[in-house]
Amino acid sequence: MANIVIQLGDITELPVDAIVNAANNSLLGGGGVDGAIHRAAGPGLLAECQGLGGCETGAAKLSQAYDLPCRYVIHTVGPVWHGGEKNEAALLRSCYQHSLALADELGLASIAFPAISCGVYGYPHTLACTEAVTALKAYFANNNSSLQEVYLVVMDPNLADLYQQLLRESV
Ligand code: ADP
């Protein structure tokens, strides 16, 4: 079981093996954390993403990190919240699962996640964080992983409190 660390701050500044981008289906950049990652990485990231052919919701794709201090960027696409009737919970868990699986294919030791779908995609925070913690626990219970540190990176202290509480409850 990897160590799960809640980290307040900007995910683009973390010198981990991989950061996860909460991207959109085009993988051609956007607002929120996606915009911040593209700005910090520089134009090489967009050029590579143009060749990735987009990404399905719930899937994940790998790129290099360019000017970022991490080694790789894992682009995943969270579900837009539609009230919970469009398979959002399973799709959100799938984002975490596929990102972790990609990191393991590369034998990575550390990965950092933003709060996928918790921004413009409108997922209720308590529900989204619950799915995140559930997906992480399930992954490590079922896979022999190279990952030693998983950072849950948030800019909103309320999300940090929420994760803290959920991790305590799930022990
Ligand atoms: P989505 O489209 O999946 O909802 P957003 O980028 O709109 O993605 O938001 C996801 C979460 O990422 C939000 O909680 C937002 O506050 C947070 N966020 C935005 N920029 C950063 C950043 N640089 N580092 C970490 N988290 C960030």
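Just so it is clear, the model here is predicted, and its values are computed rather than measured.

Parameters at a glance
Residues numbered from 1 in each chain as written. Predicted model: local features only at pLDDT ≥ 70, side-chain atom pairs only at ≥ 80, totals over all residues. Heavy atoms only, no water. Pairing = 2+ DSSP bridges. Helix = DSSP H or I, 4+ residues; strand = E, 2+ residues; numbered from the N terminus. Axes fitted to C-alpha atoms, helices over the stretch in contact; angles between N-to-C directions. Near = heavy atom within 4 Å. Polar contact = N/O pair within 3.5 Å; in protein donor to acceptor, adjacent residues only side chain to side chain. Areas by Shrake-Rupley, 256 points an atom, 1.4 Å probe, with all protein chains shown as cover. Nonpolar A, V, L, I, M, F, W, Y, C, P; charged D, E, K, R; others polar.

**With respect to the sheet that holds strand β4 (residues 72-77)**
Read across the sheet, six strands follow the order β1-β6-β5-β2-β4-β3 without closing on themselves; strand pairing throughout is mixed. The two strands at the open ends of the sheet, each matched to only one other strand, are β1 (3-8) and β3 (60-64). Neighbour to neighbour, the strand axes of the sheet diverge by 25° on average, direction disregarded. Of the strand pairs in this sheet, strand β2 (residues 18-23) and strand β5 (residues 110-113) are connected by two bridges, and their pairing is parallel. Across the sheet, residue Ala-18 finds its bridge partner in β5, namely Ile-111.

**Overview of the site of the ligand**
With respect to spatial proximity, 16 residues lie near the ligand, and among them Asp-10, Ile-11, Val-33, Ser-117 and Gly-119 are the closest. Take Asp-10: an N or O atom from its side chain is 2.8 Å from a nitrogen atom of the ligand. Note that an oxygen atom of the ligand is positioned 2.8 Å from one of the backbone N or O atoms of Ser-117. In the complex, the protein chains occlude 87% of the 570 Å² of accessible area that the ligand would expose alone. Per element, the largest residue contribution to the shell around the ligand is three residues, and it comes from helix α1 (residues 32-41). A class-by-class count of the residues in the shell around the ligand yields eleven nonpolar, four polar and one charged.

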